[in-house]
Amino acid sequence: TTPPWIQGEEPLPRHDFWGHEHCFEFQNVEKLWDDCRAVFSARTRDDDAAYSQGITYYLPSQMKPRCALEAMVQTIFQQHTLSLEEGCMIP
C-alpha cells in the first residue's frame, strides 16, 4: 500500500482529506457538544490585530483525556501519527 505521507525533511500528508468510517464512536454525543460549547472562545479579529481573540488549548500527546472533546482530539492525533516511522515523533 501507499503510505499516507510524502517523505521529506518534514513528512507531508499525501491527501488533502482523510476520513475513516469508525474514527469517532461516542456513547454520549451531547457530552461532546457540551465540551465544545464550554471551550469555544473565538472572536472576530479586529482590523488592526494579526489574530482573532480567544484561547488556545494544548493536549500533551500522552496525557489521559479529561473530557469527550480531549478524547476526540487525541484520537485524531493518534490516527494522523500512526504511519510515522519510529523516532519521527517524540511525545
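Scroll up a little and you will see the structure.
The rules behind each value
- All residue numbers refer to position in the chain's written sequence, counted from 1.
- pLDDT decides what is reported in this predicted model: residues at 70 or higher carry local features, side-chain atom pairs at 80 or more are listed and counted, and totals for whole chains, interfaces and linings draw on all residues regardless.
- Think of the side-chain values as coming from all heavy atoms in the structure, minus any hydrogens and water.
- Segments assigned H or I by DSSP are reported as helices when at least four residues long, segments assigned E as strands when at least two residues long, and all are numbered from the N terminus.
- For each residue, the accessible area found with a 1.4 Å probe, counting protein chains only, is set against the maximum for its type, and the residue is called buried under 20%, exposed over 50%, and partly exposed in between.
- It only takes one pair of heavy atoms within 4.5 Å for two residues to be counted as in contact.
- Exposure was quantified through the Shrake-Rupley algorithm and a 1.4 Å probe, taking into account, for residues, occlusion by the shown protein chains and nothing else.
- Helix axes use the C-alpha atoms of the stretch in contact, all axes being lines fitted to C-alpha atoms, and the angles between their N-to-C directions lie in the range 0 to 180 degrees.
- We call two directions roughly parallel when the angle between them is under 35 degrees, roughly antiparallel when it is over 145, roughly perpendicular when it lies between 65 and 115, and oblique otherwise.
- Throughout, the ten residues Ala, Val, Leu, Ile, Met, Phe, Trp, Tyr, Cys and Pro are labelled nonpolar, Asp, Glu, Lys and Arg are labelled charged, and all others, Gly among them, are labelled polar.
- Here, a salt bridge means any side-chain nitrogen of Lys or Arg that lies within 4 Å of a carboxyl oxygen of Asp or Glu.
- N or O atoms closer than or at 3.5 Å make up a polar contact, with two conditions inside protein: a donor-capable atom paired with an acceptor-capable one, and, for residues adjacent in sequence, both atoms drawn from side chains.

A.B. asks: Would you mind going over the overall build of the chain with me for this structure?
C.D. replies: When helices and strands are tallied, the chain shows two helices and two strands. Mapped from its N terminus to its C terminus, the chain presents α and β elements in the order β-β-α-α. Within the chain, the fraction of its 91 residues that count as buried is 13%. A separation of at least 24 residues holds for 41% of the contacts in the chain among residues at least 6 apart in sequence. For the chain, the exposed surface amounts to about 8,200 Å²; the carbon and sulfur share of it is 53%.

A.B. asks: I would appreciate a short explanation of the packing of helix H1 (residues 29-39) against helix H2 (residues 68-81) in the present structure.
C.D. replies: Packed helices, taken two at a time, are described by the angle their axes make and the gap between the axes. Contact pair H1 / H2: the axes reach a minimum separation of 7 Å and the direction vectors enclose 95°. Considering the angle they form, H1 stands roughly perpendicular to H2. On H2, the residues touching Lys31, Leu32, Asp35, Cys36 and Val39 of H1 are Ala68, Leu69 and Met72. Of the residues belonging to the contact of H1 with H2, the class tally is six nonpolar, no polar and two charged.

A.B. asks: For this particular structure, what's the right way to read the pattern of salt bridges?
C.D. replies: It is possible for side chains bearing opposite charge to pair when their charged atoms get close. Inspection of every chain in the model, using the stated rule, returns four salt bridges. In this structure, Arg37 engages Asp34 in a salt bridge whose closest nitrogen and oxygen atoms are separated by 2.8 Å. On the criterion of helical spacing, the pair formed by Arg37 and Asp34 is a turn pair, its members being three residues apart in helix H1. The exposure class of Asp34 is partly exposed, given its relative accessible area of 37%. Among the ionic pairs, Arg66 bridges to Glu70, the shortest N-O distance being 2.5 Å. Judged by relative accessible area, Glu70 falls into the buried class, the value being 14%. Through salt bridges with shared partners, a single network forms among Glu30, Asp34 and Arg37.

A.B. asks: It is not clear to me how the environment of Leu32 should be interpreted in this structure. Could you clarify?
C.D. replies: Turning to its location among the elements, Leu32 is positioned in helix H1. Since its relative accessible area comes to 10%, Leu32 is described here as buried. Setting aside residues no more than four positions away along its own chain, Leu32 makes contact with Phe26, Ala68, Leu69 and Met72.

A.B. asks: Can you help me understand the side chain of Asp35 in this one?
C.D. replies: Structurally, the position occupied by Asp35 is in helix H1. Note on Asp35: relative accessible area 7%, which makes it buried. Among the polar contacts made by the side chain of Asp35, one reaches the main-chain amide nitrogen of Ala68 at a distance of 2.8 Å. With residues near it in sequence (within four places) discarded, Asp35 still touches Cys67, Ala68 and Leu69.

Note that every value here comes from positions in space, so none of it alone points to a role or purpose.
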